[in-house]
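Understanding the architecture of this molecule
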Amino acid sequence: MSAEPPAPEPSAERSTRGGVRRQPGMLEDEVLAVLWTGGRAMTPAEVRGRLDDRLAYTTVMSTLARMHRKGLVSRRPVKKGYAYLPTVDEASHTARAMTDLLSRRHDHAGVLARFVSSLSPEDEAFLQRLLRGEDA
C-alpha cells in the first residue's frame, strides 16, 4: 500500500506545464520593481530584459497595459509602441496593498496586533515614533 504524496506547501508560485506561474499580482510587483529601479520610461522589451527571460514579450506587454488601465503606470508613445513609468512609489504602493488587505478582514484589531507583534524591534520602535508624530 503506497502512502499519499504530501500536500504541496503554499508558495508564491504554482507549477505549470512549462515552468512556474506566479500568484495574482506578483508579476505586476516585479514589473513595478524594474520600473522603480530603472529611473526612466522603459519599453516592454526593456522590462522583459530585466525580468525572467522565460516570460513571453506579449506577457510583459499585456501586464503593462493592464497596469496602465489600473493607473499603476503611465505611458508615452515610442516608435510603434509605448514606454512606461510608474505612477506610484514603492512605499505608497505597498501601503495601499496592506490597507486593501486589512479592509478585507473582519478582525482589524487582531490583524494589527499580530502584525505589530511580528515586527523587528527596530521596526516596532520606528512605528511607535511615527504614531507619536516624531518621524513624519
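Above this text you will find the structure in question.
Parameters and conventions
Residues numbered from 1 in each chain as written. Predicted model: local features only at pLDDT ≥ 70, side-chain atom pairs only at ≥ 80, totals over all residues. Heavy atoms only, no water. Axes fitted to C-alpha atoms, helices over the stretch in contact; angles between N-to-C directions. Helix = DSSP H or I, 4+ residues; strand = E, 2+ residues; numbered from the N terminus. Parallel < 35°, antiparallel > 145°, perpendicular 65-115°, else oblique. Contact = heavy atoms within 4.5 Å. Nonpolar A, V, L, I, M, F, W, Y, C, P; charged D, E, K, R; others polar. Core = buried A, V, L, I, M, F, W, Y, C linked by side-chain atoms within 4.5 Å. Buried < 20%, exposed > 50% of the residue type's maximum accessible area, 1.4 Å probe, protein only. Phe/Tyr/Trp six-rings, centres within 6.5 Å; stacked < 30°, edge-to-face > 60°. Lys NZ or Arg CZ within 6 Å of the ring centre and 35° of its normal.

A few points about the packing of helix α4 (residues 90–103) against helix α5 (residues 108–117)
The interhelical angle for the contact between α4 and α5, taken along N-to-C directions, is 135°, at an axis separation of 10 Å. As judged from the angle between their axes, α4 and α5 are oblique. For the pair α4 and α5, contact is made by M98, L102 and S103 and by H108, V111, L112 and F115, respectively. Classifying every residue of the contact of α4 with α5 by side-chain character gives five nonpolar, two polar and no charged.

Section: the nonpolar core
With 16 residues, the main nonpolar core has V31, L35, V47, L51 and L64 as its most contacted residues. Secondary-structure elements contributing two or more residues to this core are α1 (26–38) and α3 (57–70). Counting residues per element, this core draws most heavily on α1, at five residues.

Some thoughts on the packing of aromatic side chains
The full count for this structure, using the stated rule, is one aromatic pair. Over the face of the ring belonging to Y82 we find R75, whose NZ or CZ atom lies 4.0 Å from the ring centre.

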